[in-house]
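# Notes for the structure review
So you can see what is in the structure, the chains are spelled out below.
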Amino acid sequence: MQGPELKIRIRIWKRLIKQLKARGDQTRESGAFLLGKPDGREISDFICYDELDPASLNSGIIIFNGDGYIPLWEICRKKKLKVLADVHTHPGNWTGQSGADQRHPMIAQPGHIALIVPDFAAKRNQLLENVGVHEFLGEGSWRSYRETDRIIQLIK
Ligand SMILES: [Zn+2]
């Protein structure tokens, strides 16, 4: 069984944060699936929710239609990648999970990691400080980590 530790290059993280910020426009949540090689733990690519389901951001909180998984699996197949984690933004600095976040894991597989970025990802130089890290354990339960637990690391 693989541990939950994930790595992501700073360059990709910054590109991701920029996209989340732009798509949320500081008024609504946005999010993305984080992809990597099936046998690895490094996030090497991402795809934003609204690229898969254009209406997913419209209500202000993310409501991702199940049809959006069809193009997602197609992209994963073509690129030979799998979903390692997901990320979404919250307004303000609270990065705990909402009831809906807990009830609806984007990928309902034990070990799946859900990240939550504060302030609609609009903070200057947003790295991992204060990013919520939550691991799905199965059957509706989750474990949350602190940044100091180093579950996700930025690498050069
Ligand atoms: Zn949330």
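Computed from a predicted structure; not experimentally measured.

## Re the overall build of the chain
Check the secondary structure of the chain and you find 4 helices and 8 strands. Tracing the chain from N to C terminus, the helices and strands come up as β-α-β-β-α-α-β-α-β-β-β-β. The C-alpha atoms of the chain give 14 Å as radius of gyration, which agrees with the globular expectation for 156 residues (15 Å, within 12%). In terms of overall dimensions, the chain has C-alpha extents of about 40 × 35 × 35 Å along its principal axes. Buried residues in the chain amount to 34% of all 156 residues. Taking the intrachain contacts of the chain between residues at least 6 apart in sequence as the baseline, contacts between residues at least 24 apart amount to 61%.

## Focus: the sheet that holds strand β5 (residues 113-117)
Picture the strands of a sheet paired through backbone hydrogen bonds; they go either parallel or antiparallel. Here we have 8 strands laid out as an open sheet, ordered β7-β6-β5-β4-β2-β3-β1-β8, and mixed in their pairing. Among the strands making up the open sheet, the edge pair consists of β7 (141-145) and β8 (152-155). Sheet twist, expressed as the average angle between the axes of neighbouring strands with direction ignored, equals 35°. Pairing of strand β4 (residues 82-89) with β5 involves 5 bridges; the strand directions are parallel. Each bridged residue has a counterpart across the sheet, and for Thr89 the counterpart in β5 is Val117. Against the sheet, helix α3 (residues 69-79) touches β2 (31-36), β3 (42-48) and β4, its axis set at about 140° to β3.

## Topic: helix α1 (residues 10-24)
Its 15 residues place the ends of α1 21 Å apart at the C-alpha level, agreeing with the 21 Å of an ideal helix rising 1.5 Å per residue. With its phi angle positive at about 55°, Asp25 sits one or two positions after the end of α1.

## Focus: the pairing of β5
Most of β5 sits out of view: 5 of its 5 residues are buried. Of the two faces of β5, the one carrying Ile113, Leu115 and Val117 and the one carrying Ala114 and Ile116 are both buried. Where β5 lies against strand β6 (residues 132-138), 4 bridges are found, and the strand directions are antiparallel. Looking at β6, one finds that Ile116 is bridged to Gly132.

What counts and what doesn't
Residues numbered from 1 in each chain as written. Predicted model: local features only at pLDDT ≥ 70, side-chain atom pairs only at ≥ 80, totals over all residues. Helix = DSSP H or I, 4+ residues; strand = E, 2+ residues; numbered from the N terminus. Rg over C-alpha atoms; globule rule 2.2 N^0.38 Å. Buried ≥ 20, exposed ≤ 12 C-beta atoms within 10 Å, placed from the backbone. Contact = placed C-beta atoms within 7 Å. Pairing = 2+ DSSP bridges. Axes fitted to C-alpha atoms, helices over the stretch in contact; angles between N-to-C directions. Expected span 1.5 Å × (residues − 1).

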